[in-house]
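This is what each chain is made of:
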Amino acid sequence: MITGIVLENFKCFERVEIHPKRVTCFVGANGTGKSSVLQAFGLLKQSVAKVPDDDRPLAIYQGYEFVCQGPFVNLADDRDIIKKYMPKSPVWSLSGKLYFGDQVLPFCYGARLSDGKLMPDPAISQETPNAILVVLESVRIIPAIRGLVQPSYLIGEELVKDISLQGGLSQQEEQTATNLAYSRYHVERISPLLKRVTGVGLRAETVPPRSVSIDSLTVSGRVNIVGEGFGANSLIMLLLQLVSAEKGATVMIEEPEIHLHPRAQAELAEVLTEAALKEDKQVIVTTHSEHITGRLLTLVAEGKLTPDDVAIYAFEKDEKGVCTAKDLRVNSDGTIEGGINDFFETNLKEMNRFAQAQFDRLKPSE
């Protein structure tokens with residue numbers, strides 16, 4: 001589990017420090033840097049993925065090539081764009097706990113970009129070279145654009161541990177379908193969660209000679225997933241990554257609420273929370289959904305979550321384009337000191353505006 005993130009000179013951040021908890025929400029307007037934190041991990045993951053397995057410990061220790069174009073995020077087609085996004089040398093600092101069976105070991109890792117390579121910072125790093133590999137391999141990233149768009153997929157040669165490492169959306173789709181075809185266990189775990197959130201279950205059926213059809217199970221029968229509402233479709237990769245992640249893993253999700261009804265958004269927040277608590281995982285989400293944050297705060301008020309379990313960070317951008325993140329204090333009664341800017345009060349303002357419009361309509365004309 002990751003307990004500390006510090007980014008310096010990365011994209012819109014001069015410096016940002018975040019201390020994730022069991023469940024963490026990043027909130028804020030568009031373009032305030034929420035996704036950039038996830039991209040920082042994506043860049044590390046896709047860079048490490050390029051290091052040959054037999055050279056990994058030595059490469060991590062001595063520095064390795066920074067891959068700015070890959071399955072998670074594409075910062076550049078050339079190095080000039082890197083300079084545009086990050087005119088100063090970016091620095092990553094990660095800290096937290098590693099899980100090895102029943103052992104829980106602390107870790108701290110720091111690296112900086114120098115001449116196209118990520119170089120470990122000995123002033124920060126306090127672990128063996130393998131530690132950062134374990135951390136990054138336990139991080140799952142679910143992108144905002146997700147879903148299955150074909151009625152069937154050719155089954156691949158094997159299961160993969162992390163679907164998000166596949167390059168491009170089409171490969172992520174194909175691997176999602178392949179993993180579902182090979183693993184009845186995961187389908188049986190996902191189906192009740194999907195039904196709980198959207199009202200439909202899940203089935204993966206092999207189609208000779210070597211294809212798989214992903215279907216939703218509705219009250220009227222089976223429906224191919226491309227014929228189902230996109231809310232259920234968009235959850236399949238998300239739930240697969242969630243249930244297949246190992247103990248201690250960190251699951252990072254961009255906008256889990258996409259395509260979901262407000263009631264389903266709130267229910268998904270509870271599903272994510274239960275997975276985090278019962279399966280000893282960590283969930284970090286970027287969200288614009290009051291229904292997700294509202295359900296988390298309700299769970300705190302009900303005593304099912306504690307303030308030590310949940311963190312909410314509000315992201316903002318100043319007039320110079322520099323982004324910051326503020327840790328909002330969650331109280332034991334589920335309230336937030338000072339509220340969340342532009343969230344719940346937006347509904348109140350809209351209701352007041354609507355009420356005023358109705359009042360104006362009823363006023364007698366002069």
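Residues numbered from 1 in each chain as written. Predicted model: local features only at pLDDT ≥ 70, side-chain atom pairs only at ≥ 80, totals over all residues. Heavy atoms only, no water.

A. Quick peek at the layout of surface pockets. What the largest pocket holds in volume is close to 390 Å³. A314, F315, E316, I340 and N341 are the residues nearest the centre of the largest pocket, which is lined by 21 residues in total. For the lining of the largest pocket, the secondary-structure elements that each account for two or more residues are β3 (23-28), β15 (310-317) and β16 (323-328). With 5 residues, the single largest contributor to the lining of the largest pocket is β16. Looking at the lining of the largest pocket residue by residue, the class counts come to 8 nonpolar, 7 polar and 6 charged. By volume, the second largest pocket amounts to about 280 Å³. What lines the second largest pocket is a set of 16 residues, among which P71, F72, P143, A144 and E254 lie closest to the centre. Of all the secondary structure elements, the ones that give two or more residues to the lining of the second largest pocket are α1 (34-48) and α5 (169-182). By residue number, the principal contributor to the lining of the second largest pocket is α1, which donates 4 residues. When the residues that make up the lining of the second largest pocket are grouped by side-chain class, the tally is 9 nonpolar, 6 polar and 1 charged. (1 Å grid on protein atoms, 1.4 Å probe; cavity = no way out; pocket = protein on both sides within 12 Å on 5 of 7 lines; lining within 4 Å. Points joined across faces, edges and corners; volume = space filled by probe spheres on them. Helix = DSSP H or I, 4+ residues; strand = E, 2+ residues; numbered from the N terminus. Nonpolar A, V, L, I, M, F, W, Y, C, P; charged D, E, K, R; others polar.)

B. Looking closely at unusual backbone geometry. Cis geometry is adopted by the peptide bond preceding P209, which originates at P208 and carries an omega value of 5°. Turning to its location among the elements, P209 is positioned in the loop between β10 (201-207) and β11 (211-218). The residue D280 is not glycine, and still its phi comes out positive at about 55°.

C. Fine view of the pairing of β11. Taken across its 8 residues, β11 has 6 buried, putting it largely inside the fold. Sheet topology note: the strand β9 (residues 153-154)/β11 ladder contains 2 bridges and is antiparallel. Note on β11: the bridge partner recorded for Y153 is V212. Two elements, β10 and β11, share 7 bridges in a ladder whose sense is antiparallel. (Buried < 20%, exposed > 50% of the residue type's maximum accessible area, 1.4 Å probe, protein only. Pairing = 2+ DSSP bridges.)

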